[in-house]
Amino acid sequence: MHHTAMSPSVPLQEMIRAIRSARTQCEERGVIQRECAAIRAQFRQSDNGGRSHNLAKLLYVHMLGYPAHFGQMECVRMIASPRYSEKRVGYLGAMMLLDEKQDASLLITNSIKNDLSHSNQYVQSLALCTLACMGSAEMCRDLAPEIDRLLRASNSYIKKKAALCAVHIVRKVHDLGELFTPAARSLLAEKNHGVLHGAVVLITELCERNQETLERFRKTVPDLVQIMKGLVISGYSPEHDVAGISDPFLQVRILRLLRILGRNNEGASDAMNDLLAQVATNTDSTKTVGNAVLYETVLTVLHIKSESGLRVLAVNILGRFLLNNDRNIRYIAMISLQKIVGTDHNAVQRHRGTIVDCLKDQDASVKRRALDLSLALVSASNVRSMMKELLLFLSSCPPELRAQAASGIFNAAERYAPSQRWHIDTILHVLTTAGGDVRDETVPNLIQLITNASELHCYTVHKLYRALLTDISQQSLVQVACWCIGEYGDLLLRGECQETEPVQVTEDDVLDALETVLQSHMSSPATRGFALTATMKLRTPLSLTANTDRIQSIVSIYGSCIDVELQQRAVEYNALFRKYDHMRAAVLERMPVIEKNSPGHTNGESTGEPIKDIQTLKVKQGEPLLPQQPANQVLTLTQMHVV
Amino acid sequence: MIKAILIFNNHGKPRLIRFYQYFAEDMQQQIIRETFHLVSKRDDNVCNFLEGGSLIGGSDYKLIYRHYATLYFVFCVDSSESELGILDLIQVFVETLDKCFENVCELDLIFHMDKVHYILQEVVMGGMVLETNMNEIVAQVEVQNRMEKSEVSLFLDR
């Protein structure tokens, strides 16, 4: 290929030089504004032979982000020109500047129609390209018969473009799939690889859209197998060769189509079994292109009804990929394993160690894949060890993955917790590490969990109290801690606890902690609500007058708080102190255990696999999520307020 | 489907932008900036696949990229494309450019942006892979350039 064929568009190059010589953004803007003004003026003039240069210049500034809409009509004019150079840039401009929503695009319909039957195949090709990029539904309906004609009777160059154009048409107007089916079928007999490639893409699109069409195309499986065999076995074919593999792109396309045709169908799967085995064993995996084909083969084997020997081979290939030095290959392997973790769970479990190691890879993409896969591999038998790894991951994982990791850990813990204490510990661990990234439902869910674990109330409140002393920035954690302190304050003050070392906690200590939360600028209004209520609830276990006064003074401060919710609470609590002291004990007594199936309670979000427990079955689809504050407490008090 | 092909340099300056899905102009520039931001953070020895951008197409899309000297070649694709296949396609495209421009470098892309588009049009059409045979692509590009040249020579340049 010679440089001379690349004749420079001189005015374009001059402009580019001028733009590049600008030393600041401001200077560049100035140059471009001047150029655009000149271009605009040129557009208004009649034909001067340099029209294509002007449009090219406009497209250049458009790429840099400057407005170019005033060039739309010029595109329309250029497309209608008889000169190839002008048509070429006109169509390019149309594809860059127009879309079907703009009026100007309607004006090019006629040009496209005419150019589709132009005597020059390169003009036809421009029209096909433009139609495939931005053809509206009406244009597609209008021109579909013409495309069908080109699919049947033209040269390979046009046929392959017509095939992709047909794909676009089918995407825009689904019914037209019927029209193209016969032509698509006969294209499989072509020898030209570009045409074959286009044909396979078209057939794939038709099959994915329509089940009946898919069933009709199942008959082509033997033909596809033949074509593949030709690519895999035949001698060295230099024009299609990429690093020793014969047209890997076409092979990948055919393998994908075979996958679609063989799914859930014994007959089709049988017909392709031998071929797949052949490709799987003979493809050279030392080069990237070989791996692309192997990877596609593996996916096909695993998604059709293949015989078990072949399946084992496929999973082993994935296992080898997982240990490959090339990170791309490891990444791809994990994607594939993710796709089959539902159906071939045990096979994937065998590679759990390697997958967990990938959590520590420095590449964020690999980490992301490893996280998804690790979560999918947690089971009752490995939950303790897996959770250790996942919690370790959570403490150092990239910020964009934390929410996903946290919610995945919660789901896994919910399904497979070996004990209630482990479950509570795990959730607390997540809240301490990534409390800012958990969803809102976590707080009521955790509270419900805690109330249900009655033997652990003492342990839990001690742990939460300690966590509160260390860090009050994680809102979810602080909210749960306050709730528990309010609820189980008596256990906290008692000092002894079976499961943890005893620690002396005085009433003042507890009130100090709650006051710190109330006064901290880090606490959200919701959190303050929790702390206020907890302070109030401590009134019952605390016997000394000094502390009762302290509680009352804390509460009454909030009687004039700007936040309406807090103000209302404070006022109501004050009322309880003054007028309704006889009811206080009953009102503020310990909450009943929150039932798992109570209405209004929704489970935590689920990522991926459905949770088989009863909760989700009982929760209606449209039920709103719980509000941030625990609804039960607020209801109790406002109900009292009516009295 | 390939949703977009972006080529920009190490400083994020766009050298070729092709969207196969309609986006308003300011959105296009935002996408370019976001993509550059994501890609330039990556080390040289990590994998060539990136997830996590949000502006194009939501969750079902990936960035597949290669870094050649001063240029990033980024293909934004959805799950219907083979990741390794696209990676190979980028290599084919760059090698084709190399054949057309003789030791192609960033300057060639800067000063011949329109020509690069025409070459790309022979490789990808409507967001779908059209032709992967380098010789075929180069031959077709050559013919079309000759056609254009024969017309241009009939007119005086500005």
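Our subject in this report is the structure included herewith.

Thresholds applied
- Along each chain, residue indices are assigned from 1 in the same order as the chain's sequence is written.
- In the order they appear in the text, chains get letters beginning with A and ligands get numbers beginning with 1.
- Predicted model: local features are reported for residues with pLDDT of at least 70 only, side-chain atom pairs are reported and counted for 80 or more only, and whole-chain, interface and lining totals are derived from all residues.
- Each side-chain value is worked out from all heavy atoms of the structure, with water and hydrogens disregarded.
- The numbering of helices and of strands both runs from the N terminus, where a helix is a DSSP run of H or I of at least 4 residues and a strand a run of E of at least 2.
- Relative accessibility decides the category of a residue: with a 1.4 Å probe and only protein chains considered, values under 20% of the type maximum give buried, values over 50% give exposed, and everything between is partly exposed.
- We call two residues in contact whenever any of their non-hydrogen atoms come within 4.5 Å of each other.
- Areas reported as accessible are Shrake-Rupley estimates using a 1.4 Å probe. Residue values count occlusion only from the protein chains shown.
- Here a salt bridge means any side-chain nitrogen of Lys or Arg lying within 4 Å of a carboxyl oxygen belonging to Asp or Glu.
- In these notes, a set of buried Ala, Val, Leu, Ile, Met, Phe, Trp, Tyr and Cys residues joined through side-chain atoms within 4.5 Å is what counts as a nonpolar core.
- Strand pairing is assigned whenever DSSP identifies at least 2 bridges connecting the two strands.

## Considerations on the overall build of chain B
No. 1: From N to C terminus, chain B includes five helices and seven strands.
No. 2: Reading chain B from its N terminus to its C terminus gives the helix and strand order β-β-α-β-β-β-α-α-α-β-β-α.
No. 3: Dimensions of chain B, computed from the C-alpha atoms along their principal axes, are close to 50 × 35 × 30 Å.
No. 4: The buried share of chain B, reckoned over its 158 residues, is 65%.
No. 5: For chain B, the proportion of contacts with a sequence separation of at least 24, taken over those separated by at least 6, is 51%.
No. 6: By element, 50% of the accessible surface of chain B is carried by carbon and sulfur atoms, the whole surface being about 5,800 Å².

## Details of the pattern of salt bridges
Residue and element names in this part refer to chain A.
No. 1: Enumeration over the complete set of coordinates arrives at 44 salt bridges over all chains.
No. 2: Between Arg256 and Glu296 there is a salt bridge, and its shortest N-O distance comes to 2.8 Å. Here Arg256 is found in helix 15 (residues 248-262), whereas its partner Glu296 is found in helix 17 (residues 288-303), with 40 residues between them in sequence. For the residue pair Arg256 and Glu296, the accessibility class agrees, reading buried in each case.
No. 3: For the salt bridge of Arg402 with Asp437, the shortest nitrogen-to-oxygen distance reads 3.3 Å. Taken together, the residues span a long stretch of sequence, with Arg402 in helix 24 (residues 402-416) and Asp437 in the loop between helix 25 (420-434) and helix 26 (442-452) at a distance of 35 residues.
No. 4: Given the relative accessible area of 24%, Arg402 is considered partly exposed.
No. 5: According to the relative accessible area criterion, Asp437 is partly exposed, its value standing at 28%.
No. 6: Taken together, the shared-partner salt bridges in this structure form one network comprising Arg51, Glu74, Arg77, Arg83 and Glu86.

## What about the nonpolar core?
No. 1: One finds Ile147 of chain A together with Ile2 of chain B to be the most contacted residues of the largest nonpolar core, which totals 235 residues.
No. 2: A total of twelve residues in this core trace back to one element, the largest contributor, which is helix 28 (residues 475-494) of chain A.
No. 3: When neighbours within four sequence positions are excluded, Ile147 of chain A is seen to be in contact with Leu116, Leu128, Leu131, Ala162, Cys165, Ala166, Ile169 and Phe180 of chain A.
No. 4: Counting residues in hydrophobic clusters, the runner-up holds 49 residues, among them Leu12, Ile16 and Ile32 of chain A together with Tyr118 of chain B.

## Here we look at the pairing of strand 4 (residues 62-68) of chain B
As a general feature of sheets, a regular strand has side chains that alternate between the two faces.
All names here are of chain B.
No. 1: In terms of strand pairing, strand 3 (residues 49-50) meets strand 4 through two bridges, oriented antiparallel. Within strand 4, the residue paired with Phe49 across the bridge is Ile64.
No. 2: Direction of pairing for strand 4 relative to strand 5 (residues 71-77): antiparallel, over a ladder of seven bridges. From the neighbouring strand, Leu63 faces strand 5, where its bridge partner is Cys76.
No. 3: The loop that links strand 4 with its antiparallel partner strand 5 comprises two residues; one of these, Ala69, has a positive phi angle of about 50°.

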